[in-house]
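An overview of the molecular structure
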Amino acid sequence: MSISDFARRLVDVDGVVKTVYVAGAGPAVILMPEMPGISPDVLRLARWVRDAGFTVLVPSLFGSDGAYPTAEGGKEVVRRACVSAEFRAFAGGGTSPVTAWLRGLARQAHAECGGPGVGAIGLCFTGNFALTMALEPAVIAPVVNHPSLPLDDPAGLELSAEDAIAVRDRVTRDGLTVLAYRFDNDRWCTGRRFAAYQALLGDAFDGRVLPGSTANTDAPPFFRDVVETPHSVVTAHLVDEAGHPTLKARDEILTYLTDRLRPTG
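The following refers to the structure shown. Since the model is a prediction, treat every value here as computed from it, not as a measurement. (Residues numbered from 1 in each chain as written. Predicted model: local features only at pLDDT ≥ 70, side-chain atom pairs only at ≥ 80, totals over all residues. Heavy atoms only, no water.)

A word on the layout of surface pockets. Its volume calculated, the largest pocket comes out at about 250 Å³. At the level of secondary structure, the elements contributing two or more residues to the lining of the largest pocket comprise helix 2 (71-83) and helix 7 (221-227). Looking at the lining of the largest pocket, its residues break down into nine nonpolar, two polar and two charged. (1 Å grid on protein atoms, 1.4 Å probe; cavity = no way out; pocket = protein on both sides within 12 Å on 5 of 7 lines; lining within 4 Å. Points joined across faces, edges and corners; volume = space filled by probe spheres on them. Helix = DSSP H or I, 4+ residues; strand = E, 2+ residues; numbered from the N terminus. Nonpolar A, V, L, I, M, F, W, Y, C, P; charged D, E, K, R; others polar.)

As C-alpha cells, this is what we get:
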C-alpha cells in the first residue's frame, strides 16, 4: 500500500530527529505504529482518522515504513526494539524513554493544529505509550489498544511508579477517560493487564473486550506465525465489514476522538 498520500516530515524534539508521516486537517491525533512497523493496516487506520476530520501524525519508531514484514523480518525488528535504549520491553524497566519524545511531538502538534488538545492512539508495543503521553497536558484523548508491554509480565503496565502516580493524578485532576481494547483470548494483552489499568485508574479506564472468535483469520504473516493469537483489534485483525465488532471498535474510537477534540462537531 502506498504511503504517498502522507507528507513525510523530519521532526526535531530536543535534538532528536524522527520521521513522521502527516495527513489531514483539524486537531492532531498521534497514531503510534504497532510492532513491527507502519504497516498498510496501520496506514488504513491513519486514513480513517484523517477522514474523520483530524490531522493524523504517524511517527516511525521501528521497522520498514509502509510494508508488510515477513515473519522473520518482524521478529528481527522486535529483537532490535527489545535491546534499544528507547524502549523498556520487560518488567522492571519502567517507562520507555521514547515517550518523552512523543510528548514533545504532541506539544508541537497542538501548537500547529490548535483545538482543545491532542489525541494519542497506541497499538501493541506502543499501546501503553498513549497513556504515558497523558503526562503532557496537551494530550486529552488517550486510546490504549492491546498493550503488550512488558512482554514478560501479563499484569505489568510499563510505567515507573512515579509516572504511574503522575498519570493517575492527571486523569483525576482533568477528568480524562482512557479508552482501551483487547481480544478476550489475547495472550499478549490479558485480562490481568486490563485489571492492572483498572486498579490504577478506576472508573476512568474504559476497557472493552471483544471475542477473539471475531478476529480476522487472514492476518499478515507476522501476526499469523509470530503473534499467533487474536491481538490487533483495529489493524491486522480488523474485519472491514459493516456491523462487525472490530469495525464497531474503530467507530467507537473515532467517536471518542471527535467528542474530545472536536466537541462542537
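What follows covers the sheet that holds strand 8 (residues 205-210). Across the sheet, eight strands lie side by side as 1-2-4-3-5-6-7-8; this open sheet has mixed pairing. On the outer flanks of this sheet lie strand 1 (7-13) and strand 8, each paired with one strand and no other. Between one strand axis and the next, the sheet turns through 25° on average, direction left out of account. Bridging between strand 6 (residues 139-145) and strand 7 (residues 178-183) involves three bridges; their strand directions are parallel. Within strand 7, the position partnered with Asn145 by the bridge is Tyr181. Strands in contact with helix 1 (residues 40-51) are strand 2 (16-24), strand 3 (28-31), strand 4 (55-59) and strand 5 (118-123); relative to strand 4, the strand with the most contacts, it is inclined by about 155°. Packing against the sheet, helix 6 (residues 191-201) makes contact with strand 6, strand 7 and strand 8, and its axis sits at approximately 165° to strand 8. (Pairing = 2+ DSSP bridges. Axes fitted to C-alpha atoms, helices over the stretch in contact; angles between N-to-C directions. Contact = heavy atoms within 4.5 Å.)

Take the pairing of strand 8 next. Two strands pair when backbone bridges link them, and strand 7 and strand 8 are joined in this way by six bridges, in the parallel orientation. Paired with Arg182 across the bridge in strand 8 is Val209. The parallel pair strand 7 and strand 8 is bridged by helix 6, and the resulting crossover is right-handed. (Right-handed = clockwise from strand over helix to strand, strands pointing away.)

Mapped onto the elements, Ser60 comes out in the loop between strand 4 and helix 2. Sequence-wise, Ser60 and Arg182 are 122 residues apart; in three dimensions their C-alpha atoms are separated by 23 Å. Ser60 has contacts with Lys18, Thr19, Tyr21, Ile38 and Asp65, leaving out every residue within four places of it along the chain. Engagement of the side chain of Ser60 in a polar contact is seen with the side chain of Asp65, the distance being 2.8 Å. (Polar contact = N/O pair within 3.5 Å; in protein donor to acceptor, adjacent residues only side chain to side chain.)

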